[in-house]
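# What the coordinates show
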Amino acid sequence: DPGADASLCGMAATGASGTNAVRYGTMRPNVLNLRVVLPDGRLLHTAGPRRQPRKRAAGYDLTSLFVGSEGTLGFLTQATLRLHPLPEATAVTVASFPSVGAAVACTVQVLQAAVPVARIEFLDEVMADACGRFSGMELPVAATLLLELHGSQRGLAELQQQMEEIVQQNGGSGLAWAEGLEEREQLWSMRHNAWYAALALRPGCQGYSTDVCVPISRLPDVVVETKQDLQASGLTGPMVGHVGDGNFHCILVFNSQDPEEAQRIHAFTQRLGRRALAAGGTCTGEHGVGLGKRALLQEELGQEGLDTLRSIKAALDPHNLMNPGKVL
């Protein structure tokens, strides 16, 4: 559930994910085979024609090589995906917290307690206020978690009680479970409109979204430091994230005609990426490297890693036809 009109092969090409990734995984473990048009026109089936085993140990993992390649190695034209059964019962709740640190600490505790949560989405108070006003829903102006549980009818009540206890231990409030399809879809529609809600904070301005992903144990520190950095920089950058994976985004809304503000945006994104690297994380959890994070990629992988990527690129695309300049 990427929350946008994304294509399956586009999601695979960028190694993306969505709100369900904490339970069902990102695109990478859910792609079993890809049909790829190589730069020289040959057609490649990364796991072999018509193959779709759940696991394999035959040669190099070509499927994973092309997932996340950002269009630099070939055109992805077909994807064979792993399917997951729909849950018998589903319940969603919204919890408000006194601070972003408390909300993210609650996330860590939920995961450490092995609660089989399907989605944990984080909104800071700026994003919660923007989403509430944009979608016409009443949300407290506070750090917020949207939590969804999947399970059997019998088991769901026990999971809800466990979740409520953990939320309350972290100062959370406002729990009210939505189990009907229409009410659940309304809540997630609000979350999926976060981009447009952020843009509405400054009409006429542009948005720039960046993301990082860090180990769960370091997530509270990194989120709090990033929040402080945003405030000190004087930027409009509501925070939202799939924090169950340690992944969060800053949607930076700025005046593109103001060079000074654009420079502050660039400096902030570089600090954010390096903050994630220092915490043992990655400069991008799902948005990809593209053009803007090439320097951070080198810091993340080291020269040997970058040289290896260049060797693969040169072998498959010696004439540099595929997205030249991206990633490398």
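Reading the values: rules and limits
- Residues numbered from 1 in each chain as written.
- Predicted model: local features only at pLDDT ≥ 70, side-chain atom pairs only at ≥ 80, totals over all residues.
- Heavy atoms only, no water.
- Salt bridge = Lys/Arg side-chain N within 4 Å of Asp/Glu carboxyl O.
- Helix = DSSP H or I, 4+ residues; strand = E, 2+ residues; numbered from the N terminus.
- Buried < 20%, exposed > 50% of the residue type's maximum accessible area, 1.4 Å probe, protein only.
- Domains from an automatic or database assignment.
- Contact = heavy atoms within 4.5 Å.
- Buried area = accessible area lost by both parts, 1.4 Å probe.
- Polar contact = N/O pair within 3.5 Å; in protein donor to acceptor, adjacent residues only side chain to side chain.
- Nonpolar A, V, L, I, M, F, W, Y, C, P; charged D, E, K, R; others polar.
- Patch = residues over 30% accessible without salt bridge, like charges linked within 9 Å, V, L, I, M, F, W, Y side chains within 5 Å.
- Areas by Shrake-Rupley, 256 points an atom, 1.4 Å probe, with all protein chains shown as cover.
- Phe/Tyr/Trp six-rings, centres within 6.5 Å; stacked < 30°, edge-to-face > 60°.
- Lys NZ or Arg CZ within 6 Å of the ring centre and 35° of its normal.
- Pairing = 2+ DSSP bridges.
- Axes fitted to C-alpha atoms, helices over the stretch in contact; angles between N-to-C directions.

### Points about the pattern of salt bridges
One pass over the structure, following the stated rule, counts 14 salt bridges. Where E125 meets K227, a salt bridge forms, and the shortest distance between an N and an O atom there is 2.9 Å. Of this pair, E125 sits in helix α6 (residues 125-135) while K227 sits in helix α10 (residues 219-233), placing them 102 residues apart in sequence. We classify E125 as partly exposed; its relative accessible area is 23%. Here K227 falls in the buried class, since its relative accessible area comes to 9%. Across the salt bridge formed by R274 and E299, the nearest N and O atoms sit 2.7 Å from each other. With R274 in helix α11 (residues 259-278) and E299 in helix α12 (residues 294-316), this pair connects stretches of sequence that are 25 residues apart.

### Comments concerning the domain arrangement of the protein
When cut into domains, the protein gives domain 1 (8-81) and domain 2 (89-279). On the domain 2 side, the residues contacting the 8 residues of domain 1 number 14 residues. Buried surface at the junction of domain 1 and domain 2, both sides included, amounts to about 830 Å², of which 51% is carbon and sulfur. At the surface where domain 1 touches domain 2, the tally comes to 0 salt bridges. Here domain 1 and domain 2 share 5 residue pairs in polar contact (both at pLDDT 80 or more) between them. Of the residues contributing to the side of domain 1 that touches domain 2, the split by class is 3 nonpolar, 4 polar and 1 charged.

### Side note on a nonpolar patch on the surface
A surface patch of nonpolar side chains, amounting to about 310 Å² of accessible area, comprises F134, W195 and Y196. Its location among the elements puts Y196 in helix α9 (residues 194-199). Relative accessible area serves as the criterion here: at 47%, Y196 is assigned to the partly exposed category.

### Quick notes on the packing of aromatic side chains
A full pass over the atoms with the stated rule returns 0 aromatic pairs. Here the guanidinium or amino end of R119 rests over the ring plane of W188, the centre of that ring lying 4.2 Å away.

### Brief notes about the sheet that holds strand β7 (residues 206-213)
An order of β4-β6-β5-β8-β9-β7 is seen for the 6 strands of this open sheet, with the pairing classed as antiparallel. Both edges of this open sheet fall to β4 (89-97) and β7, since each of them pairs with a single strand only. Recorded for the sheet is a direction-independent mean angle of 20 degrees between the axes of neighbouring strands. Relative to strand β8 (residues 239-241), strand β5 (residues 117-123) runs antiparallel, the two sharing 2 bridges. Bridge pairing in β8 places F122 opposite G241.

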